[in-house]
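Structure at a glance
Chain by chain, the residues run as shown.
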Amino acid sequence: MASDGAAATPAKVTPKKANLLDPYSIKHLLDETISDVVKSKGYTEDTRLGNWKLGIGAAVIAVALLAQFYPKKFPQNREFLLGCIALYPFLHWVCPIFCYTKEKDAILFTHPPAGSFNSTGLTISSKLPRFSDMYTLTIASADPQSISANKPVHFTKSVTKWFTKEGVLVEGLFWKDVEKLIDDYNSERKSK
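Rules behind the numbers
- Residues numbered from 1 in each chain as written.
- Predicted model: local features only at pLDDT ≥ 70, side-chain atom pairs only at ≥ 80, totals over all residues.
- Heavy atoms only, no water.
- Pairing = 2+ DSSP bridges.
- Helix = DSSP H or I, 4+ residues; strand = E, 2+ residues; numbered from the N terminus.
- Phe/Tyr/Trp six-rings, centres within 6.5 Å; stacked < 30°, edge-to-face > 60°.
- Buried < 20%, exposed > 50% of the residue type's maximum accessible area, 1.4 Å probe, protein only.
- Lys NZ or Arg CZ within 6 Å of the ring centre and 35° of its normal.
- Patch = residues over 30% accessible without salt bridge, like charges linked within 9 Å, V, L, I, M, F, W, Y side chains within 5 Å.
- Areas by Shrake-Rupley, 256 points an atom, 1.4 Å probe, with all protein chains shown as cover.
- Salt bridge = Lys/Arg side-chain N within 4 Å of Asp/Glu carboxyl O.
- UniProt positions renumbered as here; feature names shortened; annotations may be inferred.

A few points about the sheet that holds strand S5 (residues 153-158)
As summarised here, the arrangement of the five strands in space is S1-S2-S3-S4-S5, forming an open sheet in which the pairing is antiparallel. One side of each edge strand has no neighbouring strand; the edge strands of this open sheet are strand S1 (44-45) and S5. Where strand S4 (residues 134-141) lies against S5, six bridges are found, and the strand directions are antiparallel. When the sheet's bridge partners are listed, Thr 138 is paired in S5 with His 154.

The structure is reproduced here in structure tokens:
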């Protein structure tokens, strides 16, 4: 009889908990959960931007290693060292500029769902201002210039709706809000 009850209940899932006094902890937990919701809706993560950032970082490291371990000693490698010294800060600043212009507040870029006629994925961004409990989630097209792009949708709600007093995330409520926002974005596309 005990085995029937155990088979009917799902495996015990540890609740997600955040420090309610730390807005960064709250935002991080909500952002991770949003990623899970979006992926459960059939979207796959687009990692091209992250790969570009890794490539730029690898180039910065390569320049530093070349300058450090170049086979010739200082007087003979002066021009090479000057080139590395000029290239290093340039490449070092390319990454933040790249992030500022391309990434902005985005927490997730996606490809369109498999089997979809849509040619663009989603850009999911969120904001939780300092000293505020108002969390803003925005869903927009990954390519706003595309013909299949849609108007961005967003909601702004207090994080107190989704957390207990102990800091445990009430995932069911949060999932419903995020799924509704994704559905709003997709239904607006159909009504065009």
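Some words on the packing of aromatic side chains
Using the criterion set out here, one finds four aromatic pairs in the structure. Judged by centre distance (6.0 Å) and plane angle (90°), the rings of Tyr 135 and Trp 162 are edge-to-face. Of the two residues, Tyr 135 sits in strand S4 while Trp 162 sits in the loop between S5 and helix H5 (171-190), which places them 27 residues apart along the sequence. Of the residues examined, Trp 162 reaches a relative accessible area of 0% and is grouped as buried. Ring centres of Tyr 135 and Phe 174 lie 6.5 Å apart, and the angle between their planes is 65°; this geometry places the pair in the edge-to-face category. Taken as a pair, Tyr 135 in strand S4 and Phe 174 in helix H5 lie far apart in primary sequence, 39 residues in all. Summarising the burial analysis for this pair, Tyr 135 and Phe 174 share the class buried. Grouped by ring-pair contacts, the aromatic residues Tyr 135, Phe 155, Trp 162 and Phe 174 constitute a single cluster. Note that Lys 157 overlies the ring of Phe 155, its terminal NZ or CZ placed 5.2 Å from the centroid.

Description of a nonpolar patch on the surface
Taken together, Ile 61, Leu 65 and Phe 69 make up a surface patch of nonpolar side chains, about 340 Å² in accessible area. Within the fold, Ile 61 resides in helix H3 (residues 48-69).

Overview of the UniProt feature "transmembrane region" (unreviewed entry) in the chain
Taking the UniProt record as the reference, the feature "transmembrane region" (unreviewed entry) is found at residues 49-68 and 80-100. End C-alpha atoms of residues 49-68 are separated by 29 Å, and the span's content is 100% helix alongside 0% strand. Taken end to end, residues 80-100 comprises 100% helix and 0% strand; its first and last C-alpha atoms sit 31 Å apart.

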